[in-house]
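Chains, contacts and geometry: an overview
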4 protein chains.
Amino acid sequence: MTAHSGRHFLQVPGPTNVPDRVLRAIDNPPIDHRGPTFVALAKSVQAGLKRILRTTGPILIYPSSGTGAWEAAILNTLSPGDKVLAFETGQFSTLWNVMAKRHGLEVDFVAGDWRHGVDPAVVEAKLAADKGHAIKAVMVVHNETSTGVTSNVAGIRKAIDSARHPALYMVDAISSLCATDFRMDEWSVDVTVVGSQKGLMLPPGLAFNAVSQKALAAHKSAKLPRGYFEWQPMIDANDSGLYPFTPPISLFFGLEAAIEMLEEEGLENVFARHARFAEATRRAVRGWGLDILCVNPQEASNSLTAVMTPEGHNADAVRAAILERYDLSLGAGLGKVAGKLFRIGHLGWFNDLMLIGTLAGVEMGLSAAGVPHRNGGVGAAMDYLTGNVRTAAEPARAAAGAR
Amino acid sequence: MTAHSGRHFLQVPGPTNVPDRVLRAIDNPPIDHRGPTFVALAKSVQAGLKRILRTTGPILIYPSSGTGAWEAAILNTLSPGDKVLAFETGQFSTLWNVMAKRHGLEVDFVAGDWRHGVDPAVVEAKLAADKGHAIKAVMVVHNETSTGVTSNVAGIRKAIDSARHPALYMVDAISSLCATDFRMDEWSVDVTVVGSQKGLMLPPGLAFNAVSQKALAAHKSAKLPRGYFEWQPMIDANDSGLYPFTPPISLFFGLEAAIEMLEEEGLENVFARHARFAEATRRAVRGWGLDILCVNPQEASNSLTAVMTPEGHNADAVRAAILERYDLSLGAGLGKVAGKLFRIGHLGWFNDLMLIGTLAGVEMGLSAAGVPHRNGGVGAAMDYLTGNVRTAAEPARAAAGAR
Amino acid sequence: MTAHSGRHFLQVPGPTNVPDRVLRAIDNPPIDHRGPTFVALAKSVQAGLKRILRTTGPILIYPSSGTGAWEAAILNTLSPGDKVLAFETGQFSTLWNVMAKRHGLEVDFVAGDWRHGVDPAVVEAKLAADKGHAIKAVMVVHNETSTGVTSNVAGIRKAIDSARHPALYMVDAISSLCATDFRMDEWSVDVTVVGSQKGLMLPPGLAFNAVSQKALAAHKSAKLPRGYFEWQPMIDANDSGLYPFTPPISLFFGLEAAIEMLEEEGLENVFARHARFAEATRRAVRGWGLDILCVNPQEASNSLTAVMTPEGHNADAVRAAILERYDLSLGAGLGKVAGKLFRIGHLGWFNDLMLIGTLAGVEMGLSAAGVPHRNGGVGAAMDYLTGNVRTAAEPARAAAGAR
Amino acid sequence: MTAHSGRHFLQVPGPTNVPDRVLRAIDNPPIDHRGPTFVALAKSVQAGLKRILRTTGPILIYPSSGTGAWEAAILNTLSPGDKVLAFETGQFSTLWNVMAKRHGLEVDFVAGDWRHGVDPAVVEAKLAADKGHAIKAVMVVHNETSTGVTSNVAGIRKAIDSARHPALYMVDAISSLCATDFRMDEWSVDVTVVGSQKGLMLPPGLAFNAVSQKALAAHKSAKLPRGYFEWQPMIDANDSGLYPFTPPISLFFGLEAAIEMLEEEGLENVFARHARFAEATRRAVRGWGLDILCVNPQEASNSLTAVMTPEGHNADAVRAAILERYDLSLGAGLGKVAGKLFRIGHLGWFNDLMLIGTLAGVEMGLSAAGVPHRNGGVGAAMDYLTGNVRTAAEPARAAAGAR
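Counting restarts for each chain, with residues numbered from 1 along the sequence as it is written. As they are written, the chains are lettered A onward and the ligands numbered 1 onward, keeping that order. Two thresholds apply to this predicted model, a pLDDT of at least 70 for residue-level local features and 80 or more for giving and counting side-chain atom pairs, whereas whole-chain, interface and lining totals are computed over all residues. Computation of side-chain values covers all heavy atoms of the structure but excludes hydrogens and water.

**Structural notes on the sheet that holds strand S13 (residues 328-332) of chain A**
All names here are of chain A. Formally: Two strands pair if DSSP finds at least two bridges between them. Only DSSP runs of H or I reaching four residues or more are called helices, and only runs of E reaching two or more are called strands; each is numbered from the N terminus. Residues count as neighbours in contact if any of their non-hydrogen atoms are within 4.5 Å of one another. Angles shown run from 0 to 180 degrees and are taken between the N-to-C directions of axes, each axis being a line fitted to C-alpha atoms and, for helices, limited to the stretch in contact.
Taken together, the five strands give an open sheet; going across it, the order is S1-S13-S14-S12-S11, and neighbouring strands pair in mixed fashion. Edge positions in the open sheet fall to strand S1 (9-11) and strand S11 (291-292), since each of these has one partner strand only. Pairing of S11 with strand S12 (residues 304-308) involves two bridges; the strand directions are antiparallel. Looking at the pairing, Asp291 lines up with Met308 of S12. In the packing of helix H10 (residues 267-288) onto the sheet, the strands contacted are S11, S12 and strand S14 (341-345), and the crossing angle to S12 comes to about 10°.

Laid out in structure tokens, this is it:
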């Protein structure tokens, strides 16, 4: 492989680009996890996460991946044989389904085509039909990292309420948090599952459960066996800024810095910035003449865009060519869409020029990989970013790979 | 609190001091966890850990604390109702006992006074008596971080063999690895549980299971439900340098650097260095006229020394005074020895002068806290380190706090 | 000012982007500048710089800016009243003229329009006319950082030789080194002046003199008074890897890393990469319909491109708009071209996607600043980079600000 | 050489230990030195340095060593043939004498034995005798880094005033600043020369001139030729936060962090801390039975202590043994005391336990090198630090190397 010069473009939809300020914070020497400096740090990050999740309940921080945090949510609230309602929106919801079954839950897993979010009407119908309230939890992935499709978390809440159903509402906000508006308390989410390596702009290694009072009540009678992920000792210890095991201190340093940066920018600005990148990206994709996996524009993700390659053009070969030539990492198609699409991550610590560099890498890479397309993608994104939308009559830049 | 100048002395028995070289490696920007650079990194650290653990079997790396890795060891090898043999050697073995019971195991938990290691003769007797081979696993903590007492892992292996018992042999090497000789394959350990923040000189955040062929065979029929900690998908993915979830890339960078440093020094030299620090520390404690928790010298830990404060002198008050005045963090007494002792960590990235600084902080702190003692501790340690042991006839430096 | 997200684009023509690997090296704790570790480091960087400059003579490393290194070159080789031949190629050659006069030299400063390099024919004529060899040195700036115009260092050497003139040949390679081929010994350059913050990919703070045997001979009789910059004690100390004053150790750490990176990439590849960025940039400028300061294509710089703004459009206002909106820093017009142009740096640790991001920031910024232009610049650069040059017949993307 | 574990002890009297916080600041990517962020940074560090030097005049910051800053002081205030009064207090004052002569100054260099500071009475007598005011400047080194002897800067000021002499007063505060009280304006110092790598806790690479109004007036008529070090363009540019050349941005980041840390601790506390370390060190040296170079206790340095080795014991061999065995760097004897002493630096980012570690390295190293001594040094220092001074009657710990 050739030695690359310049900065690698890490545009998988997580891990995302980590700000230098966060990396430098992580670079600090670890401290005693039972001493006063750590206690202050722990209280600071717990308070900050509550502000970001817009919740007042406890936040449990695990050294773990998001997968572990999903398991924690399940183990702490449910009992063997419990029934849950879940939705096939993509690879990650599919994995949660498998996880739930591993623990003996009965999952009503509503099939999907990976191109749509959860339909609130289906939620309402399912719950309304469940007269006996056998369904103990509704499990939803807010933003499917594998597809770039979001589900309407607020709308699903309304559906649950309309059905007057007492099920817990558990939401995977792993790749939506800090990219899309999320209001845990307002939307009465009972357990939110979060990871560090997406909108929080940290390296992977931390995962979170944010927990409502209703979830805490459920926890008291939840019978699934658990050890490491058991909430109670952590909640107890957290009151004093402590943890029941050695917490990953370095990532806590980084988390404090990341929260500071997000709040300096302002969460509303952060969301608006992500929406802008996402729209620019979609215009680029349409400029190339390629298809976006997400069908409904109102479900299109702020965090990433999944781009389908034309029949006969393996998306992984495209990604490999782009990595080799332009030192740009894109996300692969996962599970049943493997090889059929690539995912452009546009979340986290990111800006207009990084986005254009990214889109340019895709556009030039499509040529390099011989994928038929038009070359107008970057131009379309720039037009949007400058507030100057091209009219349909204007010719796009001529296609490179096409013909 | 006063602003401290100079370097904090982090002498809890984990997290330990992290080398600048490791911190700088961790400070590198995350990369795509499915790209070729990460694959090479993952293979490198897996191979390195095998050399350090002296094993040829798989190494499973979790973003987790050591607690999680203990749970992983249990979940992947045992079934509900299985009987295991364990030993109360301190706080951590006690926690593992609780963990095992949480998962429905029947634990024969041999009581102990926290001042001795596991007696191989007891192991042999217990197993010999178990004619029906109901005991499925023997669980031992190599070095009890809470007490500074080690158990004879090789000797226990012999005891198991003498009893011709097929139980799995599971060892917590969390605070022994890279401080004390450990030979997984030679000693036929079936699952070794390790954490990153001790002798491996990393921040907390990673934990490991090293696994024998016998453990892999047991895994096939183990029925405890598991998700995040399930071995199989990780073993499968690891073959290609991948992980079934987003691995904590930054800590992998650091792990590679730490393994390089350990191998540059040479493991034998690393062990000898730790033994030397431990002996110097014990001489310092005897120089102060204080008691060491560990009763048998041959069980004294290379990693830490637990020092008992005299009746009426709360060890936590001593630690607080030392932290305030000398910016030195020591380990607290945990569980049933809380307030009765403090723990001096002398493992990891450490040298003679850091040790003397540490012991001086303790010695001066004992005076500051009004604990009766003689002042000869630092001198005794220096005498030992220079190879010049003082004879009993020579007077020690006069006591400060003592009367 | 709004909080910016994502990475700042630092595209002034120095300081350039510093690789993370170099920054991490600089982040190491300083060491004893008279100890064996530093001695090895000093010898390593001196040897490395010789390879990069393609010279076998001594390299003097000063904590200084390039300005100081120019002064060092003058002070160590010349005497009060000496005559030198120099050329007004831009702001920096003008500053060196002022510097030479401050020290009592008589400068034959050949006037220029800042849009052309040094004409070798003029050099030859001037020297041929100097029958008495009153001219002691010819002073040339290889790449004028203020204009983006290079001079033909090899050609000027031939001119000097043709005139059979014994003058020293002193070259400022501050912004050419590691961007453009430079062969000190082959071209018989007598003193090369270099700075750290350009192609060497370091922060500012170091500057260098590379010195020929002929320059060393001249040094013996050079009478200009000097202290800090005196060569002899440094040459003497350097033999043992030492310095006559405390050297900037941290930057030495970084320099060693930078040299490693440049040699891993290969100098020929480094030059080719820079030539490619420069050509892509010029195509972008032409795509915008703007003028490049450099008149002769063969003199166009590999390191930077100076872009003239149309009459009535202050270039500093354009730069300010681009900085505010796109977090992109561009170089200002200096001296007599202040306000008339901006400079795009494309040297150092840089790649295709960073370049496109940079050019996109300019293109979108021209719109933001209301500068009349066409929008085809980014597209033209991408076409060139993909090896797919648009034909003249194809319409460019429609102009934004243009009328 | 053996691979060392643990932190190197860098106890030369500069470069000193750099705080992690400062290193991390330096690790930030460089920024445009003409952009608004740098302007704010430059203004911040200039203001901070004024507070630390207790002056209201301009501070000129050069990428340079202290040597360069001395030259700058001379070049900017004096003219060829000017007479100056200077004092041989050690190696650095000797070097400044050489520097002054290089520039054609006539130096009245009062001989000294390197064991005493400047005698204010001699200053007064010399100046009183200079009826014609031929002496243009009095040049004093506040703390001689080569000897550990300080001169009475305030007392010399009084001597100048008593003699009613108009000479400029130029002080090298390179290794005194931030270790010893220094009041530029109150003491009417005209030029203060400072370096970054001592009490300012930065790596080497920056040096400073702080300048009084009287020095600025002298500058107007000073005729020594100068280029890089010329004050005027920097003073002019500094008003807008700019520099006439590319400033070493990374070290500016570090300087801002260092000033913050010093002010958080409080300058008075910083001085008291240094005085305490110095006294503890001297007690250790007396405990070893070795001689301190500095004769008068009131002239003993807060920054370092020069320890003389007994006749027949080369101090460099002792230092080499200590470096090899204990990874501790000490300062060498320089110039005419080479081989006769070693210097223990105790300035900068430093605390009690680092000091004890350092002194233990010396004490154990004296044994390793076979230098006759008593072993009571570390104990004496600890007694002092705990506020518990041993009485003369109590026996010291028995000598190791002594016979």
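So, next bit.
**Overview of the sheet that holds strand S11 (residues 291-292) of chain C**
All names here are of chain C. Pairing is mixed across the open sheet formed by five strands, whose spatial order is S1-S13-S14-S12-S11. Only two strands of the sheet have a single partner each, and these edge strands are strand S1 (9-11) and S11. Here strand S12 (residues 304-308) pairs with strand S14 (residues 341-345) via five bridges, running antiparallel. Each bridged residue has a counterpart across the sheet, and for Leu304 the counterpart in S14 is Gly345. Across the sheet, helix H10 (residues 267-288) is in contact with S11, S12 and S14; its angle to S12 comes to roughly 10°.

**Regarding the pairing of strand S8 (residues 168-172) of chain A**
Residue and element names in this part refer to chain A. Cut-off, in case you're wondering: Type-normalised accessible area, obtained with a 1.4 Å probe on protein chains alone, sets the label of each residue: buried when under 20%, exposed when over 50%, and partly exposed for intermediate values.
Of all five residues in S8, five are buried; the element is thus mostly enclosed. Here S8 shows a buried face lined by Leu168, Met170 and Asp172 and a second buried face lined by Tyr169 and Val171. Note: strand S5 (residues 135-141) against S8, five bridges, orientation parallel. Counterpart to Val138 in the pairing with S8 is Tyr169. As defined by bridge partners, S8 adjoins strand S9 (residues 191-195) across three bridges and the pair is classed as parallel. Residue pairing across strands places Met170 opposite Val191, the latter belonging to S9.

**Looking at the packing of aromatic side chains**
Short version of the rule: Centre distance within 6.5 Å is the pairing criterion for rings of Phe, Tyr and Trp, where only the six-membered ring of Trp is used; planes under 30 degrees apart are then read as stacked, over 60 as edge-to-face, and the remainder as tilted.
Enumeration according to the criterion identifies 50 aromatic pairs over all chains in this entry. For the pair Phe92 of chain C and Trp96 of chain C, a centre-to-centre distance of 6.3 Å together with 50° between the ring planes defines the contact as tilted. Of this pair, Phe92 of chain C and Trp96 of chain C both sit in helix H4 (residues 91-102), four residues apart, which is roughly one turn of the helix. Accessibility expressed as a relative area gives 4% for Trp96 of chain C, which makes it buried. Taken together, Tyr62, Tyr228, Phe229 and Phe245 of chain A together with Tyr62, Tyr228, Phe229 and Phe245 of chain B form an aromatic cluster joined through their ring pairs.

**Quick notes on the interface of chain A and chain B**
It is common to give the size of an interface as the accessible area that goes away when the parts come together. What counts here: Throughout, buried area stands for the accessible area (probe radius 1.4 Å) lost by two parts on being put together, summed over both. Should a side-chain nitrogen of Lys or Arg be within 4 Å of a carboxyl oxygen of Asp or Glu, the pair is scored as a salt bridge. Counted as a polar contact is a pair of N or O atoms within 3.5 Å, where, for protein atoms, one must be capable of donating a hydrogen and the other of accepting one, and residues adjacent in sequence contribute only when both atoms are in side chains. Only Asp, Glu, Lys and Arg are considered charged in this grouping, and only Ala, Val, Leu, Ile, Met, Phe, Trp, Tyr, Cys and Pro are considered nonpolar; every other residue, Gly among them, is considered polar.
Counting residues at the interface gives 47 residues for chain A and 47 residues for chain B. Across the chain A/chain B interface, buried area totals approximately 3,700 Å², and carbon plus sulfur atoms make up 65% of it. Taken together, the links from chain A to chain B amount to four salt bridges. Linking chain A with chain B are ten residue pairs in polar contact (both at pLDDT 80 or more). Put simply, the parts of the chain that give the side of chain A that touches chain B at least two residues each are helix H1 (20-26), helix H3 (66-77), helix H4 (91-102), helix H9 (249-265) and S13 of chain A. Class assignment of the residues belonging to the side of chain A that touches chain B gives a composition of 24 nonpolar, 14 polar and nine charged.

**Topic: the relation of the copies chain A and chain C**
As a reminder, the rule being used: The copies are overlaid by a least-squares fit using only the C-alpha atoms of residues whose pLDDT is at least 70 in both copies.
Relative to chain C, chain A is turned by 180° and slid 0.0 Å along the rotation axis, the superposed coordinates differing by an RMSD of 0.0 Å. Taken together, the rotation and translation relating the two chain copies correspond to the operation of a two-fold axis. Among all C-alpha atoms of chain A, that of Gly357 of chain A lies closest to the rotation axis, at 2.3 Å. Here 100% of the interface residues in chain A have copies in chain C that are interface residues too; the copies meet face to matching face.

**Concerning the interface of chain A and chain C**
Contact residues are listed per partner, giving 43 residues for chain A and 43 residues for chain C. Together, the buried faces of chain A and chain C total about 3,600 Å²; carbon and sulfur atoms form 60% of this surface. The partner of Asp20 of chain C in a salt bridge is Arg7 of chain A, with the nearest N and O atoms 3.1 Å apart. Linking chain A with chain C are ten residue pairs in polar contact (both at pLDDT 80 or more), by the criterion used here. Those elements that provide at least two residues to the side of chain A that touches chain C are H1, H9, helix H11 (315-326), helix H12 (352-368) and helix H13 (377-385) of chain A. It is H12 of chain A that provides the largest number of residues to the side of chain A that touches chain C, a total of nine residues. Class assignment of the residues belonging to the side of chain A that touches chain C gives a composition of 19 nonpolar, ten polar and 14 charged.

**Section: the confidence of the model for chain A**
Residue and element names in this part refer to chain A. Threshold: pLDDT: the predictor's confidence for each residue, scored from 0 to 100.
Chain-level pLDDT for chain A is 95 on average; 96% of the residues reach the 70-or-more range. Confidence drops under a pLDDT of 50 for residues 389-403, and excluding neighbours within four residues, the segment shows 33 contacts in the predicted structure. Predicted complex metrics record ipTM = 0.95 and pTM = 0.95.

**What about the pattern of salt bridges?**
The final tally for this structure, using the stated rule, is 84 salt bridges over all chains. A salt bridge links Arg319 of chain D to Asp316 of chain D; its shortest N-O distance comes to 3.3 Å. Placement of both Arg319 of chain D and Asp316 of chain D in helix H11 (residues 315-326) is noted, with a separation of three residues, approximately one turn of the helix. On the basis of relative accessibility, which here comes to 30%, the residue Asp316 of chain D falls in the partly exposed class. Members of the salt-bridge network, linked through shared partners, are Arg7, Asp20 and Arg24 of chain A, Asp27 of chain B, Arg7, Asp20 and Arg24 of chain C together with Asp27 of chain D.

**Here's the deal with the pairing of strand S9 (residues 191-195) of chain D**
Residues and elements named next belong to chain D. Most of S9 is tucked away: five of the five residues are buried. Of the two faces of S9, the one lined by Val191, Val193 and Gly195 and the one lined by Thr192 and Val194 are each fully buried. In terms of strand pairing, S9 meets strand S10 (residues 206-211) through five bridges, oriented antiparallel. Opposite Thr192, over in S10, you have Ala210 as the bridge partner.

**Here's the deal with the side chain of Ser64 of chain C**
Secondary-structure assignment places Ser64 of chain C in the loop between strand S2 (59-63) and helix H3 (66-77). Taking the relative accessible area as the measure of exposure, Ser64 of chain C reaches 0% and is therefore buried. Setting aside chain neighbours within four positions, we find Ser64 of chain C in contact with Ala69, Gly205, Leu206, Ala207 and Phe229 of chain C together with Pro63 and Tyr228 of chain D.

**Let's talk about helix H3 (residues 66-77) of chain B**
All names here are of chain B. Our working rule: To estimate the expected span of a helix, count its residues, drop one, and scale the result by 1.5 Å.
With twelve residues, H3 should cover 16 Å at 1.5 Å per step; its first-to-last C-alpha distance of 17 Å lies within 8% of that length. Here H3 lies mainly inside the structure; twelve of its twelve residues are buried. Those residues of H3 not exposed but buried are Gly66, Thr67, Gly68, Ala69, Trp70, Glu71, Ala72, Ala73, Ile74, Leu75, Asn76 and Thr77. Here H3 starts with a cap whose side-chain oxygen sits 3.2 Å from the backbone nitrogen of Thr67, and that cap is Ser65.

**Description of the packing of H3 of chain B against helix H4 (residues 91-102) of chain B**
All names here are of chain B. This is how it is decided: Working rule for angles: under 35 degrees goes down as roughly parallel, over 145 as roughly antiparallel, 65 to 115 as roughly perpendicular, anything else as oblique. For any pair of crossing helices, the crossing counts as left-handed if the nearer helix is rotated counterclockwise from the farther one by less than a right angle, and right-handed if it is rotated clockwise.
Between H3 and H4, the least distance of the axes is 10 Å, while the angle of their chain directions is 45°. It follows from the interaxial angle that H3 and H4 lie oblique. Crossing of H3 against H4: the hand is right-handed. In contact with Gly66, Thr67, Trp70, Glu71 and Ile74 of H3, H4 contributes Trp96, Met99 and Ala100.

**As for the packing of helix H2 (residues 36-53) of chain B against helix H9 (residues 249-265) of chain B**
All names here are of chain B. Look at H2 against H9: their axes get within 9 Å of each other, and the N-to-C directions meet at 45°. Accordingly, the angle class assigned to the pair H2 and H9 is oblique. For H2 against H9, the interelement crossing comes out left-handed. Note on element contacts: H9 touches H2 through Ile249, Phe252, Phe253, Leu255, Glu256, Ile259, Leu262 and Glu263, opposite Phe38, Leu41, Ala42, Ser44, Val45, Gly48, Leu49, Arg51 and Ile52.

**Some details on the relation of the copies chain A and chain B**
Mapping chain A onto chain B leaves a residual RMSD of 0.0 Å; the transformation is a rotation of 180° accompanied by 0.0 Å of translation along its axis. Mapped onto chain B, 100% of the interface residues of chain A again fall at the interface, so both copies present the same surface.

**Digging into helix H13 (residues 377-385) of chain C**
Of all nine residues making up H13 of chain C, eight are buried, and the element is well covered by its neighbours. Listing the buried residues of H13 of chain C in full gives Gly377, Val378, Gly379, Ala380, Ala381, Met382, Asp383 and Leu385 of chain C. Tucked inside the fold, the buried residues of H13 of chain C contact H11, H12 and H13 of chain A together with H10 and helix H12 (352-368) of chain C. Looking at the residues trailing H13 of chain C, positive phi occurs at Gly387 of chain C, about 80°.

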